[in-house]
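# Geometric and topological summary
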Amino acid sequence: MTERDAGRTLAHPEAAEIRLEGVLHALSDPVRLSIVLDLAASAADLACSYFDLPVTKSTTTHHFRVLRESGVVRQTYRGTTKLNALRRDDLEALFPGLLDSVLTAAGAESARLSRTLS
């Protein structure tokens, strides 16, 4: 790793440092939940620019930082692009079934709200 690359390494909690309340807080925001839903639906890591969020760039940065610092996502640089990946294995090992339950509930809520608005 070059000195330049070392400066572009982002801090992530180790799996043992991830706390349930931090994960639940991160997932409680609709914008962050939409990011997690997109990541869960993708087989590939997604660049921050992939997400079309209804917030400013600085607020988008904040949301990704909350997700990273809570242990929900892992962010890595590839060149100048910041890629995001869901830490599904870590979350499943620590909180079995939590992520899948939240994703299922979010999908059910979305379907329910769509029917209500129709």
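Going by the structure above, here's the rest.
What counts, and at which threshold
- Residues numbered from 1 in each chain as written.
- Predicted model: local features only at pLDDT ≥ 70, side-chain atom pairs only at ≥ 80, totals over all residues.
- Heavy atoms only, no water.
- Core = buried A, V, L, I, M, F, W, Y, C linked by side-chain atoms within 4.5 Å.
- Buried < 20%, exposed > 50% of the residue type's maximum accessible area, 1.4 Å probe, protein only.
- Helix = DSSP H or I, 4+ residues; strand = E, 2+ residues; numbered from the N terminus.
- Contact = heavy atoms within 4.5 Å.
- Pairing = 2+ DSSP bridges.
- Axes fitted to C-alpha atoms, helices over the stretch in contact; angles between N-to-C directions.
- Parallel < 35°, antiparallel > 145°, perpendicular 65-115°, else oblique.
- Left-handed = near helix turned anticlockwise from the far one by under 90°.
- Nonpolar A, V, L, I, M, F, W, Y, C, P; charged D, E, K, R; others polar.
- Salt bridge = Lys/Arg side-chain N within 4 Å of Asp/Glu carboxyl O.

### Quick word on the nonpolar core
- Ile35, Val36 and Val72 are the most contacted members of the largest nonpolar core, which has 24 residues in total.
- Of the residues forming this core, the biggest block, five residues, is contributed by helix H3 (residues 30–41).
- In this structure Ile35 touches Phe51, Leu53, His63, Phe64 and Leu67, once residues within four positions along its chain are discounted.

### Some thoughts on the pairing of strand E3 (residues 81–86)
- Relative to E3, strand E1 (residues 46–47) runs antiparallel, the two sharing two bridges. Pairing of Ala47 across the sheet is with Leu83, part of E3.
- In the sheet, strand E2 (residues 73–78) pairs with E3 via six bridges, with the strands oriented antiparallel. Within E3, the position partnered with Arg74 by the bridge is Ala85.
- The hairpin formed by E2 and E3 contains two residues between the paired strands, and Gly79 there has a positive phi angle of roughly 70 degrees.

### Things to note about the environment of Ala106
- Counting through the fold element by element, Ala106 comes out in helix H6 (residues 98–117).
- Considered as a pair, Ala106 and Ser70 are 36 residues apart in the sequence and their alpha carbons are 19 Å apart.
- With near-sequence residues (within four places) excluded, Ala106 lies in contact with Leu33 and Leu37.

### A short note on the packing of H3 against helix H4 (residues 57–70)
- Interaxial distance between H3 and H4 falls to 10 Å at its minimum, and their mutual angle equals 70 degrees. Taken together, the axes of H3 and H4 are roughly perpendicular relative to one another. Where H3 crosses over H4, the two elements pack in a sense that is right-handed. Facing Val31, Arg32, Ile35 and Val36 of H3, the residues of H4 in contact are His62, His63, Phe64, Val66 and Leu67.
- Here the residues of the contact of H3 with H4 are counted per class, giving six nonpolar, two polar and one charged.

### Section: the pattern of salt bridges
- As enumerated under the stated definition, the model contains four salt bridges in all.
- A salt bridge links Asp100 to Arg88, with the shortest nitrogen-to-oxygen separation between them at 2.9 Å. Taken together, the residues span a long stretch of sequence, with Asp100 in helix H6 and Arg88 in helix H5 (residues 88–94) at a distance of 12 residues.

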